[in-house]
Amino acid sequence: MASIKQLDDRRFKITVSNGYRPDGKKICKAKTIRVPESIPKRGIRQYVAHEAEELERQFKSGYSEDGNLPFQEYAERWLARQVRYAPSTLESYRRMLGRVYPFIGAIQLNRLRPIALENMLVELRKRKYRGKPIGEATVQKYLTVVSAVLTDAKRNEIIQKNPARMIDLPLTRRTTQYIPSPVEIQKLLDVLAKEPRHYRMFYLLFMCTGCRRGELCALKWEDFKFSRGSLLLTISRSRSVVPGKGVVEGPTKNGRSREIVLSSDLRGLFMSYRRRKQMEALQAHRELSPYLFTEEHGQLIHPDTFTKRLRKIYESIGFPKEYHLHTLRHYYVTSLLHSGVDKQTVADLVGHADTGFLERTYCHPQQEQKVQAAGAMRSMLRPKGEALFNLAAACPAKSRSA
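Residues numbered from 1 in each chain as written. Predicted model: local features only at pLDDT ≥ 70, side-chain atom pairs only at ≥ 80, totals over all residues. Heavy atoms only, no water.

Thoughts on the overall build of the chain
- Of the regular secondary structure elements, the chain holds 15 helices and 10 strands.
- Long-range pairs, those at least 24 residues apart, make up 60% of the contacts in the chain between residues at least 6 apart in sequence.
- Here the chain displays about 24,600 Å² of accessible surface, and carbon together with sulfur accounts for 51% of that area. (Helix = DSSP H or I, 4+ residues; strand = E, 2+ residues; numbered from the N terminus. Contact = heavy atoms within 4.5 Å. Areas by Shrake-Rupley, 256 points an atom, 1.4 Å probe, with all protein chains shown as cover.)

See below:
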């Protein structure tokens, strides 16, 4: 039961106990309330009893414990507990939280309201990157990370609701994803045939497996296993560039391992590449590196090197500036979808937890499919009669003065 102490006519101190600490002291929660003037004197006792009951319910269900922690302190504890994210992802979360702390870091968890988060978003929209305002999608990424922290607090019964989920957000502009045409892919393959082996193998694997850059950089020979005549590739780690820490190896982006079956062509290329690497190590009187992608001296290649090298290749063959390394992954996903591979299988192959992101990002038709759709519609309408198609010719265009 809660104890109530009257301080004056309309002020009361409510104290609730909930067990004992290891040192034998009671765990207590106290709150001083003031009864509003709108409550008549005969209703004061009932009002205070209700407040005491509510405080006792909240405290004993756990919602008051740690609720007084400032958001920044809880967020730092949340970051320290995360083990499922890749180091680069965790570092990006750390940077984003660092930018929101000036706006909400000092606010207690149980006092954080949607309006405070809305004011935070207003200030974030004023930020600039390379002289231009940051996009709405970037602004909302900050809120997503804040929401992850608050969801954790709700899961631990520290707060009852997540205020980040109560905000009405404007629609974000969808980023256009570019897909190389078959002619462009053939042009790229012709150029890659002249590249050093490690670059050639890296870009071919990127194009034919849809792996992320860091996942390919972390590949080891032991990740390839022969099974029933097929070559099975297991993706279980990633090498990422973390600001201030250099290249760090950790789990994949979603913390899960996945398997990819390589085609017979890729299997042959892999065997040839491994024999060449073994020969290089033997000639240099050194042991073969456990990693696939090393330079001629057996040292690991920096992930950024692959990105910069491909950008130069793109420039040399006149590819659009919008093309980047990830374009090859996008080509892989889109090609599978257009070939009839189901979305769940594609999501598993590229390391997405579900098909949601896949549908939002990749499920759009190429230009060729749009042309085919127009042709199909024309073929369907043609049997209805030539009159429909002669209608435009029969109707003269309106003059400008009409």
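Some words on the pattern of salt bridges
- Evaluated as defined, the whole model comprises 18 salt bridges.
- Notably, a salt bridge pairs Glu-123 with Lys-126, separated by 3.3 Å at the nearest N-O pair.
- We classify Lys-126 as exposed; its relative accessible area is 56%.
- Notably, a salt bridge pairs Glu-195 with Arg-309, separated by 2.8 Å at the nearest N-O pair. With a gap of 114 residues between them, Glu-195 in the loop between helix H6 (182–192) and helix H7 (197–209) and Arg-309 in helix H10 (residues 303–316) connect regions that are remote in the sequence.
- Assessed through its relative accessible area of 12%, Glu-195 is described here as buried. (Salt bridge = Lys/Arg side-chain N within 4 Å of Asp/Glu carboxyl O. Buried < 20%, exposed > 50% of the residue type's maximum accessible area, 1.4 Å probe, protein only.)

Some thoughts on the nonpolar core
- Residues Leu-188, Phe-202, Tyr-203, Leu-219, Leu-292 and Phe-293 are the most contacted members of the largest nonpolar core, which totals 47 residues.
- At 7 residues, the largest contribution of residues to this core is made by H7.
- Not counting residues within four places of it along the chain, the set of residues in contact with Phe-293 comprises His-198, Met-201, Phe-202, Leu-205, Leu-216, Leu-219, Tyr-273, Gln-299, Leu-300, Ile-301 and Phe-306. (Core = buried A, V, L, I, M, F, W, Y, C linked by side-chain atoms within 4.5 Å.)

Brief notes about the pairing of strand E6 (residues 224–227)
- By the bridge criterion, 4 bridges tie E6 to strand E7 (residues 230–235) in an arrangement that is antiparallel. Across the sheet, the residue bridging to Lys-225 is Leu-232, located in E7.
- Once E6 ends, the chain turns through 2 residues before running back antiparallel as E7, passing Arg-228 with a positive phi of about 55°. (Pairing = 2+ DSSP bridges.)

Observations concerning the sheet that holds strand E10 (residues 258–262)
- Across the sheet, which stays open at both edges, the 3 strands sit in the order E6-E7-E10 with antiparallel pairing between neighbours. Whereas interior strands pair on both sides, the edge strands pair on one side only; in this sheet they are E6 and E10. Recorded for the sheet is a direction-independent mean angle of 30° between the axes of neighbouring strands. (Axes fitted to C-alpha atoms, helices over the stretch in contact; angles between N-to-C directions.)

Examining the environment of Phe-59
- Locating Phe-59 in the fold gives a position in helix H1 (residues 44–61).
- Here the alpha-carbon distance between Phe-59 and Ser-17, two residues 42 residues apart in the chain, equals 8.4 Å.

What to know about the side chain of Ser-147
- Mapped onto the fold, Ser-147 is located in helix H5 (residues 136–155).
- Of the residues examined, Ser-147 reaches a relative accessible area of 11% and is grouped as buried.
- Not counting residues up to four positions away in its chain, the partners in contact with Ser-147 are Asn-162, Ala-164 and Arg-165.

What about empty space enclosed by the protein?
- Across all of its chains, the model carries 1 cavity of 30 Å³ or more by this definition.
- Approximately 40 Å³ is the volume attributed to the largest cavity.
- Around the largest cavity sit Lys-277, Glu-280, Ala-281, Arg-286, Leu-288, Ser-289, Tyr-291 and Thr-294, which together line it.
- Along the lines of polarity and charge, the residues of the lining of the largest cavity split into 3 nonpolar, 2 polar and 3 charged. (1 Å grid on protein atoms, 1.4 Å probe; cavity = no way out; pocket = protein on both sides within 12 Å on 5 of 7 lines; lining within 4 Å. Points joined across faces, edges and corners; volume = space filled by probe spheres on them. Nonpolar A, V, L, I, M, F, W, Y, C, P; charged D, E, K, R; others polar.)

Overview of the packing of H7 against helix H11 (residues 326–338)
- Here H7 crosses H11 at 35°, and the two axes come no closer than 6 Å. Here H7 contributes Tyr-203, Phe-206, Met-207, Cys-208 and Thr-209 to the contact with H11, which in turn contributes His-326, Leu-328, Arg-329, Tyr-331 and Tyr-332.
- Split by residue class, the contact of H7 with H11 holds 7 nonpolar, 2 polar and 1 charged.

A closer look at the packing of aromatic side chains
- Tallied over the full model, the rule gives 17 aromatic pairs.
- Here Phe-202 and Phe-293 contribute two aromatic rings whose centre-to-centre distance is 5.1 Å and whose plane-to-plane angle is 75°, an arrangement assigned as edge-to-face. Separated by 91 residues along the polypeptide, Phe-202 in helix H7 and Phe-293 in the loop between helix H9 (264–283) and H10 bring together distant segments of the chain.
- Relative to Phe-270, the ring of Phe-224 has its centre 4.2 Å away and its plane inclined at 20°; by these criteria the two rings are stacked. Here Phe-224, found in strand E6, pairs with Phe-270, found in helix H9; they are 46 residues apart in sequence, far enough to count as distant. The pair Phe-224 / Phe-270 is uniform in exposure class, with both members buried.
- A connected cluster of aromatic rings, assembled from ring pairs, spans Tyr-199, Phe-202, Tyr-203, Phe-206, Trp-221, Phe-224, Phe-270, Tyr-273, Phe-293 and Phe-306.
- Stacked on the ring of Tyr-291, the Lys or Arg Arg-239 has its end atom at 5.8 Å from the ring centre. (Phe/Tyr/Trp six-rings, centres within 6.5 Å; stacked < 30°, edge-to-face > 60°. Lys NZ or Arg CZ within 6 Å of the ring centre and 35° of its normal.)

Regarding helix H3 (residues 87–104)
- Here H3 is 18 residues long and its end C-alpha atoms lie 25 Å apart, about the 26 Å a rise of 1.5 Å per residue gives.
- At Gly-98, H3 is deflected by roughly 30°, the largest bend along its length, and proline Pro-102 occurs up to four residues later in sequence.
- Next to the buried residues of H3 lie helix H2 (71–81), helix H4 (114–124), H5 and strand E8 (238–242). (Expected span 1.5 Å × (residues − 1). Bend = angle between axes of the 7 residues up to and from the residue.)

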